[in-house]
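# Notes for the structure review
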Amino acid sequence: QKILQELNFPLSDDLGSQNIFYKLFEESADATLIIDNNRFVDCNKATLRMLRMETKEQVFNTHPSILSPEFQPCGLSSMVKAEQMMTIAFEIGSNRFEWIHRRADGEEFFAEVLLTKMNLEDKEILHCVWRDITERKMAEFALKASEESYKFLFEKAADGILIVNYKGNVLQMNNSC
């Protein structure tokens, strides 16, 4: 607050504060949305870029499952899973989880979602932040595949393979030993 005062932001009146917070919302690099009655009622420019959409109206009044594939990786429908995630956020105050969303062009992507319950004019809403984690998930999948290949080669090698530490203790050996 002191920094904002030094920058001559009018913090004493509600209108000035509202303008500051709306600008923070709108200019955030993270996709930020507001959920009311389990429907998106506002979003920022980063959301439109992430979804490859032109206007906020394309997002407004949609349930999170509409911007998602029919099913999430856990096997639940996106509708059921979204309702569960929102319920948890309302019950405990926030909920962070991974989700698969769909862009306007149909491309699916991994997102980390943070839902935070907020009271706004005596009404409970959810502040929603999305981060595209597709690159991280692809790296995780590649690492897992690499580990599985190594394990297969290690176990199936015709020659005995020992892995020892600097003290000479055997840490791992394959079936040929």
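Report on the accompanying structure. If you're wondering where the values come from, they're calculated on a predicted model, not measured in any experiment.

On to the pattern of salt bridges. Going through the model one piece at a time under the given rule, you end up with 16 salt bridges. Residue aspartate 36 is joined to lysine 123 by a salt bridge in which the shortest nitrogen-to-oxygen separation is 3.0 Å. Here aspartate 36, found in strand E1 (residues 31-36), pairs with lysine 123, found in strand E5 (residues 123-132); they are 87 residues apart in sequence, far enough to count as distant. Owing to a relative accessible area of 15%, aspartate 36 belongs among the buried residues under this scheme.

Another point: a nonpolar patch on the surface. Together, Leu162, Val164, Val170 and Met173 line one region of the surface with nonpolar side chains, adding up to about 370 Å² of accessible area. Secondary structure elements with two or more residues in the nonpolar patch: strand E6 (162-164) and strand E7 (170-173). Along the chain, valine 164 falls in strand E6.

Within the structure shown, the criterion is met by 0 disulfides. Free cysteine: cysteine 74, not disulfide-bonded; nearest cysteine sulfur from cysteine 128 at 17 Å.

This paragraph deals with the packing of aromatic side chains. Under the defined criterion, the tally for this structure stands at 4 aromatic pairs. Between tyrosine 22 and phenylalanine 25, the aromatic rings sit 5.8 Å apart at their centres with planes inclined by 35°, giving tilted as the arrangement. You can see tyrosine 22 and its partner phenylalanine 25 sitting in helix H2 (residues 14-27), 3 residues apart, about one turn around the helix. A centroid spacing of 6.0 Å and a plane angle of 75° characterise the contact between phenylalanine 97 and tryptophan 99, whose relative ring orientation is edge-to-face. Residue tryptophan 99 is classed as buried on the basis of its relative accessible area, which comes to 4%. A cation over an aromatic ring shows up here: arginine 103 above the ring of phenylalanine 109, its NZ or CZ 4.1 Å from the ring centre. The positively charged end of lysine 137 is found above the aromatic ring belonging to phenylalanine 110, 5.7 Å away from the centroid.

Rules used in this analysis
- Residues numbered from 1 in each chain as written.
- Predicted model: local features only at pLDDT ≥ 70, side-chain atom pairs only at ≥ 80, totals over all residues.
- Heavy atoms only, no water.
- Salt bridge = Lys/Arg side-chain N within 4 Å of Asp/Glu carboxyl O.
- Helix = DSSP H or I, 4+ residues; strand = E, 2+ residues; numbered from the N terminus.
- Buried < 20%, exposed > 50% of the residue type's maximum accessible area, 1.4 Å probe, protein only.
- Patch = residues over 30% accessible without salt bridge, like charges linked within 9 Å, V, L, I, M, F, W, Y side chains within 5 Å.
- Areas by Shrake-Rupley, 256 points an atom, 1.4 Å probe, with all protein chains shown as cover.
- Disulfide = S-S within 2.5 Å.
- Phe/Tyr/Trp six-rings, centres within 6.5 Å; stacked < 30°, edge-to-face > 60°.
- Lys NZ or Arg CZ within 6 Å of the ring centre and 35° of its normal.

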